[in-house]
Structures are given as structure tokens and as C-alpha cells.
Amino acid sequence: MSADLAVRTEDLGMVYPGGVRALSGVDLEVREGEFLAILGLSGSGKSTLLRCMNRLIDPTEGRVWIFGEEITAASGGSLRRLRRQVAMIFQQFNLVRRQTVLTNVLSGALGRSRLLPSLVLSFAQSERERAVASLGRVGLDDRAGSRADALSGGQQQRVAVARALMQEPRLILADEPVASLDPALRHSVMRHIEALNREEGLTVICSLHDIDLVERYATRLVALRDGKVAWGGRPEEFDRDTFREIYGEEAEPTSNSGF
Amino acid sequence: MGDGREITPGAVGWRKNLSRLQAVGIDAALITMLILMGELLVVAFSGRRGDTGLLLSAEQILDLLHYAWALFAGLGLALVWNLFYRLLGASPGRALVSGVPEWERDLEWTHTLRGWFVAVFIELTFFAGWLITELQLVTFLTKFGKAADIVRGLMHPSSSVLHEGLVLLVQTIFLAFMATAFAIPVAFVLAFPSARNLTRGSAVARLAYIVSRTLMNFVRAVEPLVWALIFITWVGIGPFAGVLALWVHSVAALTKLYSEQIESIDTGPMDAITATGASTLQVLRYGVVPQVIPPFLSFTIYRWDINVRMSTIIGFVGGGGIGYILKPRVDLGEWGEVGTLVLLIAGTVWMMDIISAKIRERIV
Ligand SMILES: Nc1ncnc2c1ncn2[C@@H]1O[C@H](COP(=O)(O)OP(=O)(O)OP(=O)(O)O)[C@@H](O)[C@H]1O
Ligand SMILES: [Mg+2]
């Protein structure tokens, strides 16, 4: 396989314990430096696909490689080492609400921290400086001491971006990062993710609800339907007719409320 | 969609048979109980007298009943009812296991055999319960005189035990405190393997869950009073035995409360921390612990409060604290002194209640 692939999946499939099939036969190749958008209706398997990539859930079929190493075959220490290269951003931010913004950002460094000091929340000075710098990049260095749940939704998601940055990853998986934000705030978060892609050269795989956002930020698009890849190509080629073809007459592409 | 969802015809037949069996079992149990309660009432009201010439006591009657026959008849009737359910209407067991059938849904209870069965059953339960527990309303209403002495004593506390009482009250509070404090670390550690959501990962984790849950359920099922008796024979009479008894019970109680709290956490932060490549301990430390600390504190303070109350009872059997001097005074009928001690306990419990409520309000 070629060395510059960030992610490769082969015949990836997932059947949840209750018997619900969420993915089947997904073959994907994501090159380093791409900004890949994953589009799909609710329940089409976007979250499942992203979570299989860093093994937050274990796929029931197929294999996944991260930067050429097979993560589906890894376990224990080698799985954690692979995960360190893959940061994740969630729709619900998933910050630890009762902790400070700074601690939340510092937790991005856990994968490379020594175990015992990290258990008493003690981090090297260099890591603290890096955390403050990461917060600076998303414009929140003045809120380092606040409790995470004291921030607005858009600010919390920027903290999550800073946490991802803190991890020093090579790949970012973002699962509908702006779906629970005010439409007006969406670009403020998306632009930070875009900056990581353009300026740092990080690969981004981002599931999105919204065609306008896909066209504005993504370099490539994959559309899922019923757990299968239904369409793949450049975002510009994905027009309303293609959309209807894939999702049927009922579904209507919209620009801010999702479909 | 998933093939895993389909159920093979064989499995359906198997399930159906199982639920039929369950229905017959439930019916058999209910009918047997009905028969036995009926027999109990008949014997009780027949005016039969025992060897001593007195009316039979409830225990004696219970001893006389024909259990085997009743069970036999119960089983038979249950079978008949379930076989001819179209004719007789669904039996209680059938209705419980597979739901009330369509055609009976709109019927009044008086129009079904099941309705009458349940009504008679409930009626008989009250009659039989009345007899078995030997309720005596007349005595309750007419013989208040003796108890009035106690109430009078309680209303006129004597100051002779005030000093001793206060000293032992301090011991009681500290006894409860030590038991609670020592229980915290043990319960904290045990709470993680006792939480369902953290133990799905591997066979080892599931085993740890089963072991710790079973153990804690057992420990909790044994009354603190029994633990006190065990520890009194182990370390001797005194407050230390009380501390140990309350400690064991608190560990089990706190483990349950803590683990339920862990089970109700938001798993989002755990996912986020796992995704950074953190190890299991780090995930627990960052993704779980911050979410559960405030409720843990609140439970623990409440537990201390409960332990203060319990330690009085523990003292009764020799576990130290204020209960220890209360027992002989109850036995001797020194109601004035009992009154003093009861007031001391009530005051403490009341204050603990207020303080712990205030603290818990602050935390959550
Ligand atoms: N933990 C789970 N257990 C069982 N079924 C699940 C689980 N998570 C998801 N599913 C099912 O798998 C399918 C795909 O879900 P998934 O969350 O991946 O979709 P999605 O595209 O992310 O949807 P959304 O836009 O609503 O987030 C759905 O049918 C869903 O009901
Ligand atoms: Mg999703």
C-alpha cells in the first residue's frame, strides 16, 4: 500500500449487539492532507464509521489502517500509540464539565504523559505552556482558569479543538463538530479546523449535515446511505440532483438546519 | 437490515413453551396460596382448641395446614385453567406472562374469573394476615395504661445520666465518623468493578463485576446488628466492634451508591479521553472521577448521618456509644433516664440531619 495514506478501510462492517447493521462493505482511502467530508442522513452510519477508525468501537467486519499500521489488529500499548496520532472532535464537545478549561486541554497530552504524575493532574511546565498556546490559537487563552461548563457551546467546541491540537495528531476525526451550534457560530469552529488542515497539514475527516459547509471546507466528499458508500467525489460535483438521487425525493438539502 | 435480528421458528416454539410453563407455575403458586389461606380461616373460625384447652395460636394453625395437598390441588387447577383458558378466560399467570388477551381487554373485572380470583385473593390475604400477625385491635385501644408510664418518664427526663450520656454521645458520633471514613477508600475502589458500564470490556472485567456485586449484596443483606454480634465476639465488647460493624455495612452501602452513580455518568468525556490514547487508569481519572466526586461526597455525608442513628442500636448489643447505657435502663424501666438519652440522640440526629442537608446542598 502507498505510504501517504492517512486512513484505509477494507470491507469495513459493523453490526451492533442488538442486531442493527450500521455499516457494510466500506472501502475508503484517505490521503494525507485531505479534508474529507462524510455526508449522510441521520442513522446512515457516519458516527459509527468515524468511531471504527480509532476503535472507540470495534468493527465486526473488515480492517482499518492508520498511517499504514493496522489499528484493527492493535491492542494495549500499540493501540494507544496509534490513537495518539488521531484526535477526535465530537458533536457534544465531550469536555469534562467540572474541570477547568486548561485541564481539559492538558488531557489531550495524556497519551504521552507519565502515568503516575498524570493521575494527580501534574503536567510538565512545557506541556502547560503548550496548552496555553493551543488555547491561544482558538482565542480562548483568557479563559484557561474557567470551568468548562461556564463556557458557551461555541467556546466549548473551540476548547475541544485546542484539546485536539494539544494531542499533536496527524489526523483529526470530527463527528458533526458544529451540528449543535448556532448557525452563526459554525464558521468560527469550522475555520479553526480548516486552519489545522491548511496550515499544519493535518488530515481531517469530518462528518457534516450541511451541504454548504461541505462545499466551503472539504476537498473531497463521501456520501453514506444505510451504512454503505453511495457516492464519492469532489464537493462541487455533488449537486441537488445527485442529492435527490441518493436520498430520495423526500429529503431536501438545506443550508443551516440539516436535513 | 441485520440477519442477526431474525428469530428461527424453533426459538419461537421454545420461548412459547417457556412462557406457558411460567404461567402455570405462577398460577399454581397463587392457587395454592389461596387454598392455604382458605384452610387457615376455616381452622381459625372452627373454634378448635389445642391440647391445653386454649384456642389455637396462629403458629399452631400454620403448623396444621395441609401443604402438600394444597400444592397438589393448586398445580392441578392451574393446569386445568391454562388448558381451558379459552373457556375460563386467561389465568392470572397467563395474563402476567403474555399480557391480557385481546378479547378480554374491555371486560369489567367482575365479568372474568381472573377478576374474581384476584379480588378473593386480596381479601383473603388481609384476613389471613390479620390472624397470622395476631392483630388485636381491642387490646391496642384499651391497654394504654402501662405504656403511659413510659411516655410520662420520657416527658420528665432525669438529669442523673446527662453527664454520662453526653460523653457517650461524643463516642457515638466519632464511632460513626470512623466507620464512614474507613469505608470511603474501600468503597471507592470497589465501586469501579461494580459498575456495569465499565465492566463490559473483557471477560476479566465481567467476572470482577459479578464477584464484587455478589459479595456486596451479601454483605448488605446481613443486618449491621448481626455484624456487631460477629465483631463483638471477635474484638470484644466496646466501640471498636461497633466501628467494624458499621464499617462493613457502610462499605457495602457506599459501594452500591457509588457504582450506581458511575453507571449514570455521561460517557462522552470517557470517549474523548480514550481517543487521546490515554490508558484505562487515565480514562477513569479524567473521564469518570471528576463527574462522580460531588455526588460521592454527598452520599458519604448522608451515610455518616445514617451511621450515627445506627450506632445507637449497635450500642444496644454492646457495640459502644450511647446505646450501650440505654439498654440496661430500658430493661430496668428507668424511664426518666431513658428519656434523657432518647432526647440526646434525637437532638443529635436532628442536628446531623440539618448539617448534612446543608452541606449536600452546597456540593451538588
Ligand atoms: N450503540 C448502538 N447500539 C445499537 N445500535 C446503534 C448504536 N449506535 C448506533 N446504532 C445504530 O446504527 C445506525 C447508524 O448510527 P450512527 O450513529 O452511526 O449514524 P449517524 O449517521 O452518525 O447518525 P446521526 O446523524 O443521527 O448522528 C443507526 O441505525 C443507529 O440506530
Ligand atoms: Mg452521529
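This is a predicted model, so every value here is computed, not measured.

Definitions and cut-offs
Residues numbered from 1 in each chain as written. Chains lettered and ligands numbered in written order. Predicted model: local features only at pLDDT ≥ 70, side-chain atom pairs only at ≥ 80, totals over all residues. Heavy atoms only, no water. Helix = DSSP H or I, 4+ residues; strand = E, 2+ residues; numbered from the N terminus. Rg over C-alpha atoms; globule rule 2.2 N^0.38 Å. Buried < 20%, exposed > 50% of the residue type's maximum accessible area, 1.4 Å probe, protein only. Areas by Shrake-Rupley, 256 points an atom, 1.4 Å probe, with all protein chains shown as cover. pLDDT = per-residue confidence, 0-100. Contact = heavy atoms within 4.5 Å. Phe/Tyr/Trp six-rings, centres within 6.5 Å; stacked < 30°, edge-to-face > 60°. Pairing = 2+ DSSP bridges. Axes fitted to C-alpha atoms, helices over the stretch in contact; angles between N-to-C directions. Buried area = accessible area lost by both parts, 1.4 Å probe. Salt bridge = Lys/Arg side-chain N within 4 Å of Asp/Glu carboxyl O. Parallel < 35°, antiparallel > 145°, perpendicular 65-115°, else oblique. Left-handed = near helix turned anticlockwise from the far one by under 90°. Nonpolar A, V, L, I, M, F, W, Y, C, P; charged D, E, K, R; others polar. Near = heavy atom within 4 Å. Polar contact = N/O pair within 3.5 Å; in protein donor to acceptor, adjacent residues only side chain to side chain. Domains from an automatic or database assignment.

Q: Before we go on, may I ask you to explain the overall build of chain A in this structure?
A: Scanning chain A from terminus to terminus reveals 9 helices and 10 strands. Against the 2.2 N^0.38 benchmark of 18 Å for 259 residues, chain A shows a C-alpha radius of gyration of 18 Å, consistent with a compact globule. Considering only C-alpha atoms, chain A reaches an extent of 55 × 40 × 35 Å along its principal axes. The buried share of chain A, taken over its 259 residues, is 54%. Looking at chain A as shown, the accessible area adds up to about 10800 Å², and 44% of this sits on carbon and sulfur atoms.

Q: What is the right way to read the confidence of the model for chain A from this model?
A: Detailed reading of predicted coordinates is not advised where the pLDDT is low. Across chain A, pLDDT averages 90, with 95% of residues at or above 70. A low-confidence stretch, residues 255-259 of chain A stays under pLDDT 50, and its non-local contacts, those more than four residues away or across chains, total 15 contacts.

Q: Got a minute to help me understand the packing of aromatic side chains in this structure?
A: Two aromatic rings are characterised by how far apart their centres lie and by the angle between their planes. Residues and elements named next belong to chain B. The final tally for this structure, using the stated rule, is 12 aromatic pairs over all chains. Residues Phe177 and Trp304 carry aromatic rings whose centres are separated by 5.5 Å and whose planes lie at 65 degrees to one another, so their mutual orientation is edge-to-face. Separated by 127 residues along the polypeptide, Phe177 in helix α9 (residues 162-191) and Trp304 in helix α14 (residues 280-316) bring together distant segments of the chain. Residue class for Trp304 comes out partly exposed when judged on its relative accessible area of 27%. Taking 3.9 Å as the distance between ring centres and 10 degrees as the angle between the ring planes, the aromatic pair formed by Tyr258 and Phe296 counts as stacked. Taken together, the positions of Tyr258 in helix α12 (residues 239-263) and Phe296 in helix α14 put the pair 38 residues apart, joining distant regions of the chain. We note that Tyr258, like Phe296, is buried.

Q: I would appreciate a short explanation of the sheet that holds strand β8 (residues 203-208) of chain A in the present structure.
A: Pairing between sheet strands relies on hydrogen bonds along the backbone, with the strands arranged either parallel or antiparallel. All names here are of chain A. Read across the sheet, 6 strands follow the order β6-β7-β8-β3-β9-β10 without closing on themselves; strand pairing throughout is mixed. Strands with a single pairing partner mark the edges of an open sheet, and in this sheet they are β6 (86-89) and β10 (228-233). On average, adjacent strands in this sheet sit at an angle of 20 degrees to one another, irrespective of strand direction. For strand β7 (residues 171-175) and β8, the ladder comprises 5 bridges, and the chain directions are parallel. Bridge pairing in β8 places Ile172 opposite Val204. Strand contacts of helix α7 (residues 183-200): β3 (35-40), β6, β7 and β8, with the helix running at about 150 degrees to β8, the strand carrying the most contacts.

Q: How should the interface of chain A and chain B be read in this particular structure?
A: Interface size is commonly expressed as the accessible area that is lost once the parts come together. Counting residues at the interface gives 32 residues for chain A, matched by 21 residues for chain B. A buried area of about 2300 Å², summed over both sides, lies between chain A and chain B, and 61% of it is on carbon and sulfur atoms. Broken down residue by residue, the surface that chain A buries against chain B is led by A:Arg98, A:Leu110 and A:Leu119, which jointly contribute 22%. Across the contact surface, chain A and chain B share 1 salt bridge.

Q: Can you walk me through the packing of α14(B) against helix α15 (residues 323-332) of chain B in this structure?
A: Packed helix pairs are specified by the crossing angle of their axes together with the interaxial distance, meaning the distance between the axes. Residue and element names in this part refer to chain B. For the pair α14 and α15, interaxial distance at closest approach is 6 Å and the crossing angle is 55 degrees. Between α14 and α15, the angle is such that the two are oblique. Read as a crossing pair, α14 and α15 show a hand that is right-handed. Packed against α14, whose contacting residues are Thr312, Gly315 and Phe316, the element α15 presents Gly323, Tyr324, Leu326 and Lys327 at the interface. Taken together, the residues of the contact of α14 with α15 sort by class into 3 nonpolar, 3 polar and 1 charged.

Q: Even after reading the chapter, I still don't get the site of ligand 1, so can you show me in this structure?
A: Residues and elements named next belong to chain A. Neighbouring residues of ligand 1: 13 residues in total, closest Ser42, Gly43, Lys46, Ser47 and Thr48. Contact between ligand 1 and Ser42: an oxygen atom at 2.5 Å from a side-chain N or O atom of the residue. Between ligand 1 and the protein, one listed contact pairs an oxygen atom with a backbone N or O atom of Gly45 at 3.0 Å. In isolation ligand 1 offers 630 Å² of accessible surface; the protein chains occlude 62% of this area.

Q: Is there a simple way to think about the domain arrangement of chain B in this case?
A: In terms of domain boundaries, chain B breaks down into domain 1 (9-135) and domain 2 (152-363). Summarising the inter-unit geometry, the C-alpha centres of domain 1 of chain B and domain 2 of chain B are found 41 Å apart.

Q: What should I look at first to understand the pattern of salt bridges in this one?
A: It is possible for side chains of opposite charge to pair when their charged atoms get near one another. Scanning the entire structure with this criterion turns up 31 salt bridges over all chains. Among the salt bridges present, the one from A:Glu236 reaches A:Arg234, with a minimum N-O distance of 2.6 Å. We note a salt bridge from B:Glu263 to B:Arg213, for which the minimum N-O separation is 3.5 Å. One end of the pair, B:Glu263, is in helix α12; the other, B:Arg213, is in helix α10 (residues 203-221), and 50 residues separate them in sequence.

Q: Help me understand the confidence of the model for chain B, please; the structure alone is not making it clear to me.
A: Residues and elements named next belong to chain B. The predicted model of chain B averages 88 in pLDDT, with 96% of residues at 70 or higher. Within chain B, helix α8 (residues 145-155) has the poorest average pLDDT of any element, 81, and helix α13 (residues 268-275) the best, 95. Counting contacts from residues 1-8, a segment whose pLDDT is below 50, to residues more than four positions away or on other chains yields 9 contacts. Two summary scores accompany this predicted model of the complex, namely pTM at 0.76 and ipTM at 0.92.

Q: Honestly, the pairing of strand β9 (residues 220-225) of chain A in this entry has me stumped. Any pointers?
A: Two faces make up the sheet, and in a regular strand the side chains alternate between them. Residues and elements named next belong to chain A. Summarising burial for β9: 5 of the 6 residues are buried, a large majority. In this structure, β9 lies alongside β10, joined through 5 bridges in antiparallel fashion. Within β10, the residue paired with Ala223 across the bridge is Trp231.

Q: Any chance you could explain the environment of B:Gly333 here in plain terms?
A: Residues and elements named next belong to chain B. Within the element layout of this structure, Gly333 appears in the loop between α15 and α16 (335-363). When its relative accessible area of 30% is taken as the criterion, Gly333 is described as partly exposed. Here the alpha-carbon distance between Gly333 and Gly153, two residues 180 residues apart in the chain, equals 9.2 Å.

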